[in-house]
Amino acid sequence: SDEAFAKLPHGTVETLLKPENKHKLDAISTYHVVPGKVMAKDVLGVKGAKSLNGQRIDVKVDGGKVMVDGAQVVTTDIACTNGVIHVIDSVILPSEDKIPAVATKAGKFNTLLAAAKAAGLVDALSGDKPLTVFAPTDEAFGKLPKDTIDSLLKPENKDKLKAILLYHVVDGRVYSEDAVAAKAATTLQGSKVEISVKDGGAYVNSAKILGTDVDASNGVIHIIDSVILPPAK
């Protein structure tokens, strides 16, 4: 609503309406749109929806209130000939950060970022091509013998390190429910990872998925508790 836009910091709307910010405005606008005609009754039980922006909007029903990201739905089911409108009380914003920046801000992927830099993969992870990263935490790397990490970071082992890291990356933006439904995914390393649900948790190979669907402007991150290794060739 107009009141939702009025909550934004003074000058934000004027800045977004400038021609040079058209790309940013388009990203925000399409983040408010979901393909298909989704009525209010269809939202119950849904945890999220993929927007036209590509990023996922979180949906939560809390105490009778429907929340979309941090915005409350205040009016529902305004029918149109080509869809439906639900009114929200705040403007919701997609992530503007690329995968490495999201990982840096999270503060728990320092070893992964150092490894990506050593392998020459930071630029690839910062591109516009959508990617999905199963990201081991610093604690996950800490499970490896210390001499293993030190060895992998040596220049002569760059190709081996690159192969291991690419085994954690899948082409496209694959959210958790799609990953679980697929049961497997081909990584950029070339080998497949198996995705399973067991013992009340989700796993990629033997690594437990600790957190899912962390959005970046160019992909999505799922957090895992162990480093996974590609099969020996």
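On a predicted model such as this, the values are computed, not experimentally measured, just so you know.

### A closer look at the pattern of salt bridges
Now for step 1: By the definition in use, this model includes twelve salt bridges.
Now for step 2: With a shortest N-O distance of 3.9 Å, Asp89 and Lys7 are connected by a salt bridge. One end of the pair, Asp89, is in the loop between strand 5 (83-88) and helix 5 (99-106); the other, Lys7, is in the loop between helix 1 (2-6) and helix 2 (12-16), and 82 residues separate them in sequence.
Now for step 3: Here Asp89 falls in the partly exposed class, since its relative accessible area comes to 23%.

### Things to note about the sheet that holds strand 12 (residues 219-224)
Now for step 1: Strands sit in the order 7-6-12-11-10-9-8 across an open sheet of seven strands; the sheet is mixed. At either end of the open sheet lies a strand with only one pairing partner, and these are strand 7 (169-171) and strand 8 (184-186). Averaged over all pairs of adjacent strands, the angle between their axes in this sheet comes to 30°, without regard to strand direction.

### Section: helix 5
Now for step 1: Residues of helix 5 that are buried include every one of Ile99, Pro100, Val102 and Ala103, and no others. Looking straight down helix 5, one finds its buried side chains confined to an arc of 160°; they lie on one side.
Now for step 2: Against the buried residues of helix 5 lie helix 6 (110-118), helix 7 (122-125), strand 6 (131-136), strand 11 (207-216) and strand 12.
Now for step 3: Positive backbone phi, approximately 75°, marks Gly107, located one or two places after helix 5.

### Describing the sheet that holds strand 2 (residues 56-62)
Now for step 1: Reading across the sheet, the five strands line up as 1-2-3-4-5 and stay open at both edges, with antiparallel pairing between neighbours. Edge positions in the open sheet fall to strand 1 (48-50) and strand 5, since each of these has one partner strand only. When the angles between neighbouring strand axes are averaged without regard to direction, this sheet yields 40°.
Now for step 2: One ladder, built from four bridges, connects strand 2 with strand 3 (residues 65-68); its direction is antiparallel. The residue of strand 3 that forms the bridge with Lys60 is Met67.

### Focus: the environment of Lys108
Now for step 1: Relative to the assigned elements, Lys108 resides in the loop between helix 5 and helix 6.
Now for step 2: For the pair Lys108 and Pro136, spaced 28 residues apart in the sequence, the C-alpha separation amounts to 8.9 Å.

### A few points about the packing of helix 6 against helix 10 (residues 158-166)
Now for step 1: In the contact formed by helix 6 and helix 10, the axes pass within 9 Å of each other and the chain directions differ by 130°. Considered as vectors, helix 6 and helix 10 are oriented oblique to each other. Where helix 6 crosses over helix 10, the handedness of that crossing is left-handed. Residues Leu112, Ala115, Ala116 and Ala118 of helix 6 touch helix 10, and the partners they reach there are Lys158, Leu161 and Leu165.

### Looking at the packing of aromatic side chains
Now for step 1: Under the criterion given, the structure shown has zero aromatic pairs.
Now for step 2: The ring of Tyr203 carries the charged tip of Lys198 above its face, separated from the ring centre by 5.0 Å.

### Looking at the pairing of strand 12
Now for step 1: The element strand 12 is largely enclosed, with a buried count of six among its six residues.
Now for step 2: With six bridges joining them, strand 6 and strand 12 adopt parallel strand pairing. What sits directly across from Thr132, in strand 12, is Val220.
Now for step 3: As paired elements, strand 11 and strand 12 share five bridges and run antiparallel to each other. By the bridge assignment for strand 12, Asp215 is matched with Val220.
Now for step 4: Counted along the chain from strand 11 to the antiparallel partner strand 12, the turn is two residues long.

### Brief notes about the confidence of the model for the protein chain
Now for step 1: Put simply, the protein chain has an average pLDDT of 94, and 100% of its residues get 70 or more.
Now for step 2: When the elements of the protein chain are averaged for pLDDT, helix 4 (residues 40-43) gives the smallest value, 87, and strand 6 the largest, 98.

What counts and what doesn't
- Residues numbered from 1 in each chain as written.
- Predicted model: local features only at pLDDT ≥ 70, side-chain atom pairs only at ≥ 80, totals over all residues.
- Heavy atoms only, no water.
- Salt bridge = Lys/Arg side-chain N within 4 Å of Asp/Glu carboxyl O.
- Helix = DSSP H or I, 4+ residues; strand = E, 2+ residues; numbered from the N terminus.
- Buried < 20%, exposed > 50% of the residue type's maximum accessible area, 1.4 Å probe, protein only.
- Pairing = 2+ DSSP bridges.
- Axes fitted to C-alpha atoms, helices over the stretch in contact; angles between N-to-C directions.
- Arc of directions from axis to C-beta.
- Contact = heavy atoms within 4.5 Å.
- Parallel < 35°, antiparallel > 145°, perpendicular 65-115°, else oblique.
- Left-handed = near helix turned anticlockwise from the far one by under 90°.
- Phe/Tyr/Trp six-rings, centres within 6.5 Å; stacked < 30°, edge-to-face > 60°.
- Lys NZ or Arg CZ within 6 Å of the ring centre and 35° of its normal.
- pLDDT = per-residue confidence, 0-100.

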